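# Coordinates in review
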Amino acid sequence: MKHTILIVDDDPHIREVISFALENAGMTVKSASNGLLALNTFKESPADLIVLDINMPEMDGLELCRELRKFSEVPILFLSSRDDEIDRVLGLEIGGDDYVTKPFSPRELVARVKVILKRVQPAVATEAESIVKRHGNLSLDEEQHKICWKDQQVALTATEFAIISQFIHYPNKVFTRDVIMSNAYKFNIHVSDRTI
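Residue positions are counted from 1 within each chain, in the order its sequence is given. A pLDDT threshold of at least 70 governs which residues receive local features in this predicted model, and a stricter bar of 80 or more applies before side-chain atom pairs are shown or counted, although totals over entire chains, interfaces and linings include all residues. The side-chain values count all of the structure's non-hydrogen atoms but skip hydrogen atoms and water molecules.

### Examining the overall build of the chain
- In terms of regular secondary structure, the chain is built from seven helices and nine strands.
- Burial statistics for the chain: of 196 residues in total, 41% are counted as buried.
- The long-range fraction of contacts in the chain, counting pairs at least 24 apart against all pairs at least 6 apart in sequence, stands at 53%.
- In these tables, accessible area is a Shrake-Rupley quantity obtained with a 1.4 Å probe, and a residue counts as shielded only by the protein chains included in the view. When the accessible surface of the chain is summed, it comes to about 11,500 Å², and 50% of that surface belongs to carbon and sulfur atoms. Numbering of helices and strands runs from the N terminus; a helix is a DSSP stretch of H or I covering at least four residues, while a strand is a stretch of E covering at least two. Summary of the burial criterion: residues with accessible area below 20% of their type's maximum are buried, those above 50% are exposed, and those between are partly exposed, where the area comes from a 1.4 Å probe applied to protein chains only. Contacts: residue pairs with any heavy atoms within 4.5 Å of one another.

### Side note on the environment of Ser45
- Its place among the elements puts Ser45 in the loop between α2 (35-44) and β3 (49-53).
- Considering only alpha carbons, one finds Ser45 and Leu6, 39 residues apart in sequence, at a separation of 9.8 Å.

### Regarding the packing of α2 against helix α3 (residues 61-68)
- In this analysis, axes come from line fits to C-alpha atoms, helices being fitted only over the stretch in contact, and the angle between any two N-to-C directions falls in the range 0 to 180 degrees. Following both chains from N to C, one finds α2 and α3 inclined at 25°, their axes separated by 9 Å at the closest point. Relative to α3, α2 is oriented roughly parallel. Crossing of α2 against α3: the hand is right-handed. From α2, Gly35, Ala38, Leu39 and Phe42 reach across to α3, where they touch Leu64, Glu67 and Leu68.
- Classifying every residue of the contact of α2 with α3 gives five nonpolar, one polar and one charged. Orientation is classified from the angle alone, with under 35 degrees giving roughly parallel, over 145 giving roughly antiparallel, 65 to 115 giving roughly perpendicular, and any other angle giving oblique. Two helices that cross are described as forming a left-handed crossing if the nearer one is turned anticlockwise from the farther one by less than a right angle, and a right-handed crossing if clockwise. Three residue categories are used. Nonpolar comprises Ala, Val, Leu, Ile, Met, Phe, Trp, Tyr, Cys and Pro, charged comprises Asp, Glu, Lys and Arg, and polar comprises the others, including Gly.

### Topic: a nonpolar patch on the surface
- Residues enter patches when they are more than 30% accessible in relative terms and free of salt bridges; like-charged ones are connected within 9 Å and nonpolar ones (Val, Leu, Ile, Met, Phe, Trp, Tyr) within 5 Å. A side-chain nitrogen of Lys or Arg and a carboxyl oxygen of Asp or Glu constitute a salt bridge if their distance falls within 4 Å. On the surface, a nonpolar cluster with roughly 250 Å² of combined accessible area is contributed by Trp149, Val154 and Leu156.
- Within the element layout of this structure, Leu156 appears in the loop between β9 (152-154) and α6 (158-169).

### Observations concerning the environment of Asp141
- Within the secondary structure, Asp141 is located in strand β7 (residues 138-141).
- Its relative accessible area of 12% is what places Asp141 among the buried residues.
- In this structure the C-alpha to C-alpha distance between Asp141 and Ile131, which are 10 residues apart in sequence, comes to 6.3 Å.
- Ignoring sequence-local partners within four residues, the contact set of Asp141 consists of Ile131, Val132, Lys146 and Phe161.

### Side note on the sheet that holds strand β8 (residues 146-149)
- Only strands that DSSP links by at least two bridges are regarded as paired with each other. Pairing is antiparallel in the open sheet, where four strands are placed in the order β6-β7-β8-β9. Strands at the two margins of the open sheet, each flanked by one partner only, are β6 (132-135) and β9. Across the sheet, the mean angle separating the axes of adjacent strands is 25° when strand polarity is ignored.
- Examined bridge by bridge, β6 and β7 share four bridges and lie antiparallel to one another.

### Quick look at the pattern of salt bridges
- If you walk through the whole model with that rule in mind, you get eight salt bridges.
- Of the charged contacts, one joins Lys70 and Glu67 as a salt bridge, the two residues approaching to 2.9 Å between their closest N and O atoms.
- Among the salt bridges present, the one from Asp98 reaches Arg112, with a minimum N-O distance of 2.9 Å. Taken together, the positions of Asp98 in strand β5 (residues 98-101) and Arg112 in helix α5 (residues 106-120) put the pair 14 residues apart, joining distant regions of the chain.
- Residues joined in a network through salt bridges with shared partners are Asp9, Asp53 and Lys102.

### With respect to α2
- Taken together, the buried positions of α2 are occupied by Gly35, Ala38, Leu39 and Phe42. Projected down its long axis, α2 carries its buried residues within an arc of 100°, all on one side.
- Among the structural elements, β1 (4-8), β2 (28-32), β3 and α3 are those in contact with the buried residues of α2.
- For α2, the N-terminal capping position is held by Asn34, with its side-chain oxygen 3.0 Å away from the main-chain nitrogen of Leu36. By definition, the arc is the one covered by directions from the helix axis to the C-beta atoms. N or O atoms within 3.5 Å of each other form a polar contact, as long as, within protein, one can give a hydrogen and the other can take it, and as long as residues adjacent in sequence are counted only when both atoms are side-chain atoms.

### Considering the nonpolar core
- Ranked by internal contacts, the top residues of the largest apolar core, which has 20 residues, are Val8, Ile50, Leu52, Leu64, Ile76 and Phe78.
- Contributing elements (two or more residues each) for this core: β1, α2, β3, α3 and β4 (76-80).
- Ranked by residues supplied to this core, first place goes to α3 with four residues.
- Look past the residues within four positions of Ile50 in its chain and what remains in contact with it is Leu6, Val8, Phe42, Leu68, Val74, Pro75, Ile76 and Leu77. Put simply, a nonpolar core is a bunch of buried Ala, Val, Leu, Ile, Met, Phe, Trp, Tyr and Cys residues held in one set by side-chain atoms that sit within 4.5 Å of each other.

Structure representation (C-alpha cells):
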C-alpha cells in the first residue's frame, strides 16, 4: 500500500527536501504552503499522515491541528524551528503524534513517518484474524485507535493507548518498566523512569 503524505510548510525549500526524501521512500506526496490551504487540501483528498510546520502564515500548525482533530484522527508529525519544551508538549497534547525540530535529518524524518504509519495502520488482517483485540471486558481497535471497557469508549492519550495496546497483545507477559517506557516513549523522549 502506497501511503500519501501531506507536507505543510511555508518554506518551499523544506517542502522540496521532505518531498524528495518521502518519494524516495516510496510514498506519494502532496504539499501546502500554509494551514488554510492544507485544511482545504485535506478535506478534498485526505492523506495518511501530515508533516506540519508550526510557524506559518494564514493558520499556524497548532491551529490547523485543532481544526483537523474536530473531524479526523490523521497522524501528525510537527516540525518547528523552536526547541522549547512547552511547544513540544503543547503540540503533543493537542493531538500531534511526534515532534521534530529544525534543522532535521531527512532520513530521520522518513524513519519517524514510517514508524507512525506502522503504529496507526496495522498490517492487513487475515480473514480468520480480527483487527479488534479482546481481553475480558477490554477491547482494542487498532484501526480506529479506540479502546472500550464493557463496550464504552475510554478516552486515552497516545501514550496510554500504546501501553494498553502492548498489554492486550501480550496478556500473559510481565513487562519491565524499561520495556514499557521504550514502547510508549519512542525516539528517546526524555522522561523520568518514575513516569510509568
